[in-house]
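A closer look at the structure
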Amino acid sequence: MRRSPCVLTSSLLLGIVSLVGATSFEVGHAAAQSTWFTQPAAGASSAAVGGSTSVPYGWLDFCHRRPKECKVPALPAASVKLTARNMSILKRVNQKANRSIKPVSNYDHWGTMMDHWDYPVDGKGDCKIYALYKRKLLQEAGFPRQALLMTVVRDLHNEGHTILTVKTDKGDLVLDNLVDEVRPWNATGYYFLKRQSQQNPNTWVSINQRGGTAKRLTPSS
């Protein structure tokens, strides 16, 4: 496993409370009409979430700089149908981002300790840049926004790390800049802290549970 340049301080990891709300802005594509997703399946292997929690500073700053990304309506929760085609897209997007972005720490990149979230406008960045880029690519591929959730964890070195959770009808999958495989959330060994709400990306919910034991997926035959 690659070592991440993405280290968040405790204060930044906790974030600050936000009142950023949903507006009547429409999503750019008709995700709600897609046949690629369904309502969440009962009994799927998904991380249990708690109530609303503080919003990471980096997301608030991202929204301030890119308001159209965050001024979106609340939508019903939805999950991706984990077909062979959709799994192939997830793997391709994960690997594309991991191989096209040069890893660099937040401070070395932006010259600040304040958490900076953005797209890879200059081809480099830390874990948040990877996760945001994957989220963007998957939305452009037709995946519903409600299933693509920015997620804050503690990695195997107990350092702050950000990944993308994809809600599917087979459970939560993780796209991670440290691993090219697409893994179930409970095969990461990470300690999950919080993630975006499915209904509203500007609302974050607590998780506070360990994602199983780190292991690799069994190669497909």
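One structure accompanies this document, and this report is about it. (Residues numbered from 1 in each chain as written. Predicted model: local features only at pLDDT ≥ 70, side-chain atom pairs only at ≥ 80, totals over all residues. Heavy atoms only, no water.)

**Notes on the overall build of the protein**
Scanning the protein from N- to C-terminus turns up six helices and 11 strands. Partitioning the intrachain contacts of the protein with sequence separation of at least 6 by distance along the chain shows that 70% fall at a separation of at least 24. A total of about 10100 Å² of accessible surface is found on the protein, and carbon and sulfur atoms cover 53% of it. (Helix = DSSP H or I, 4+ residues; strand = E, 2+ residues; numbered from the N terminus. Contact = heavy atoms within 4.5 Å. Areas by Shrake-Rupley, 256 points an atom, 1.4 Å probe, with all protein chains shown as cover.)

**Examining the nonpolar core**
In terms of nonpolar packing, the biggest core is built from 34 residues, with W59, L90, L138, L164, V166 and L175 touching the most fellow members. Going through the elements one at a time, helix 2 (57-65), helix 4 (84-100), helix 6 (127-140), strand 6 (148-154), strand 7 (160-168) and strand 8 (171-176) are the ones with two or more residues in this core. Residue contributions to this core peak at seven residues, all from helix 6. Residues within four places of L175 in sequence aside, it is in contact with L90, V93, N94, K134, L138, I163, L164, V166 and V182. Of all hydrophobic cores here, the second largest spans 10 residues; its members include A47, V174, Y190 and F192. (Core = buried A, V, L, I, M, F, W, Y, C linked by side-chain atoms within 4.5 Å. Buried < 20%, exposed > 50% of the residue type's maximum accessible area, 1.4 Å probe, protein only.)

**Re the pairing of strand 10 (residues 187-196)**
For strand 10, the buried fraction is high: nine of the 10 residues fall into the buried class. The pairing of strand 6 with strand 10 spans four bridges and is classified as antiparallel. Within strand 10, the residue paired with R154 across the bridge is Y191. Direction of pairing for strand 10 relative to strand 11 (residues 204-212): antiparallel, over a ladder of six bridges. Looking at strand 11, one finds that R195 is bridged to V205. (Pairing = 2+ DSSP bridges.)

**Points about the pattern of salt bridges**
On inspection of all chains with the given rule, the structure shows nine salt bridges. R65 is paired through a salt bridge with D61; the nearest N and O atoms lie 3.0 Å apart. Of this pair, R65 and D61 both sit in helix 2, four residues apart, roughly one helical turn. In this structure, K128 and D115 form a salt bridge, with 2.6 Å as the shortest nitrogen-oxygen distance. One end of the pair, K128, is in helix 6; the other, D115, is in the loop between helix 5 (106-110) and strand 5 (124-125), and 13 residues separate them in sequence. Accessibility classification places K128 together with D115 in one group, the buried group. Here the residues in one salt-bridge network are D61, R65, R66 and D118, joined through shared partners. (Salt bridge = Lys/Arg side-chain N within 4 Å of Asp/Glu carboxyl O.)

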